[in-house]
Amino acid sequence: GQSSVLAQSGIMHLFAVSGLHVGYVTLLAAWLLRGLGRLLPLPGWLRFLVLVALVVFFCLVVGPTPSVLRAAVMTLAALLALAGERGGHSGCALILAAFLLLLWQPGWLREPGFLLSFLATAGILFTASWWQVLAPSPLLSVSLAAQFMIMPLLVYFFNTVSLVGLLASPFLLCGAGLV
């Protein structure tokens, strides 16, 4: 019953393990490693390997869902770009993630979770800066970018769009990060 209420209210994505959680775990681990590096100097390659191992371990623990794998591939691509001291392009990482996951599971192209994850991420990467004109808060602009990008799929797969979820998501997103 709770899942149905969360889905109808448009905030279910906050409770599904996704890229948000992969990002939180990676950022927390990087922050801890940086702090540990002040006490005990760690070579960059060791920090890199620890972060890669943590992302892979997290995926194994929570399960290889399309959204988690998308986030993991994109995070690993970003870590590689940072390790090589090269600026990465997030759009390329998103395309790489889609290519690798569809190579592994072509049937995911018809799955709502896969499509919603990639469309939300594409919305964030490519339209969040546009939303800052209407919503000066970065959190609000990112949330609006993701929500509006996935709206057509929500209607197609679930026959609903929730205005309450659209308004509540940015505020609940802050709380989800703390939890």
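Structure first, text after, so check above.
A short tour of the structure in this document, coming up. (Residues numbered from 1 in each chain as written. Predicted model: local features only at pLDDT ≥ 70, side-chain atom pairs only at ≥ 80, totals over all residues. Heavy atoms only, no water.)

1. Comments concerning the overall build of the protein
Here is the rule we go by: Only DSSP runs of H or I with at least four residues qualify as helices, and only runs of E with at least two residues qualify as strands; both kinds are numbered from the N terminus onward. Each residue is assigned to one of three classes by its accessible area relative to the maximum for its type, calculated with a 1.4 Å probe on protein chains only: buried under 20%, partly exposed between the two thresholds, exposed over 50%. Whether two residues touch is decided by their heavy atoms; if any such pair falls within 4.5 Å, the residues are in contact. A 1.4 Å probe and the Shrake-Rupley method give the accessible areas. Residues count as covered only by the protein chains that appear here.
The number of helices and strands found in the protein is eight helices and zero strands. Order of helices (α) and strands (β) in the protein, N terminus to C terminus: α-α-α-α-α-α-α-α. Burial status across the protein gives 35% buried among its 179 residues. A sequence separation of at least 24 residues applies to 62% of the contacts in the protein between residues at least 6 apart. Accessible surface, the protein as shown: approximately 11100 Å² in total, 74% of it carbon and sulfur.

2. With respect to a nonpolar patch on the surface
As a reminder of what qualifies: Only residues whose relative accessible area exceeds 30% and that form no salt bridge enter a patch; like-charged residues are grouped when within 9 Å of one another, and nonpolar side chains (Val, Leu, Ile, Met, Phe, Trp, Tyr) when within 5 Å. One speaks of a salt bridge when a side-chain nitrogen belonging to Lys or Arg is within 4 Å of a carboxyl oxygen belonging to Asp or Glu.
A cluster of nonpolar side chains, Trp45, Leu46, Leu49 and Val50, forms an exposed patch at the surface whose accessible area comes to about 380 Å². Mapped onto the elements, Leu49 comes out in helix α3 (residues 44-62).

3. Here's the deal with the nonpolar core
Applicable threshold: We call a set of buried residues a nonpolar core when its members are Ala, Val, Leu, Ile, Met, Phe, Trp, Tyr or Cys and they connect through side-chain atoms within 4.5 Å of each other.
If you look at the biggest cluster of nonpolar residues, it comprises twelve residues: Leu69, Val73, Met74, Ala93, Leu94, Ala97, Ala98, Leu101, Trp108, Phe114, Phe118 and Ala122. With five residues, the single largest contributor to this core is helix α5 (residues 90-104). Not counting residues within four places of it along the chain, the set of residues in contact with Trp108 comprises Pro64, Pro66, Leu69, Leu101, Leu102 and Phe114.

4. Notes on the side chain of Thr26
Counting through the fold element by element, Thr26 comes out in helix α2 (residues 19-39). When near neighbours in sequence (up to four residues on either side) are disregarded, Thr26 contacts Leu51, Val55 and Thr75.

5. Thoughts on the packing of aromatic side chains
Aromatic ring pairs are described here by two measures, namely the spacing of the ring centres and the angle between the planes. We count it as follows: Aromatic pairs are defined between Phe, Tyr and Trp rings, using the six-membered ring for Trp, whenever the two ring centres lie within 6.5 Å; interplanar angles under 30 degrees are classed as stacked, those over 60 as edge-to-face, and all others as tilted.
What the rule picks out here adds up to six aromatic pairs. Arranged with centres 4.8 Å apart and planes meeting at 20°, the rings of Trp131 and Phe148 form a pair that is stacked. Remark: Phe148 occurs in helix α7 (residues 138-158) and Trp131 occurs in helix α6 (residues 112-131); sequence separation between them is 17 residues. By relative accessible area, which is 19% here, Trp131 ends up buried. Ring pairing ties together the aromatic residues Trp104, Trp108, Phe114 and Phe118, which thus form one cluster.

6. Some words on the packing of α2 against α3
Definition in use: Lines fitted to C-alpha atoms define the axes, with helix axes restricted to the stretch in contact, and inter-axis angles between N-to-C directions lie between 0 and 180 degrees. In these notes the angle categories are as follows: under 35 degrees is roughly parallel, over 145 is roughly antiparallel, 65 to 115 is roughly perpendicular, and the rest is oblique. With the far helix as reference, a near helix turned anticlockwise by less than a right angle produces a left-handed crossing, and one turned clockwise produces a right-handed crossing. Three classes are used, and their members are as follows: Ala, Val, Leu, Ile, Met, Phe, Trp, Tyr, Cys and Pro are nonpolar, Asp, Glu, Lys and Arg are charged, and the others, Gly among them, are polar.
Where α2 meets α3, the axes come as close as 10 Å, and the angle between the chain directions of the two elements is 150°. By the criterion of interaxial angle, the relationship of α2 to α3 is roughly antiparallel. Both α2 and α3 take part in a crossing whose hand is right-handed. Together, His21, Val22, Val25, Thr26, Ala29, Ala30 and Leu33 of α2 and Arg47, Val50, Leu51, Leu54, Val55 and Phe58 of α3 make up the contact between the two elements. Considered class by class, the residues forming the contact of α2 with α3 number ten nonpolar, two polar and one charged.

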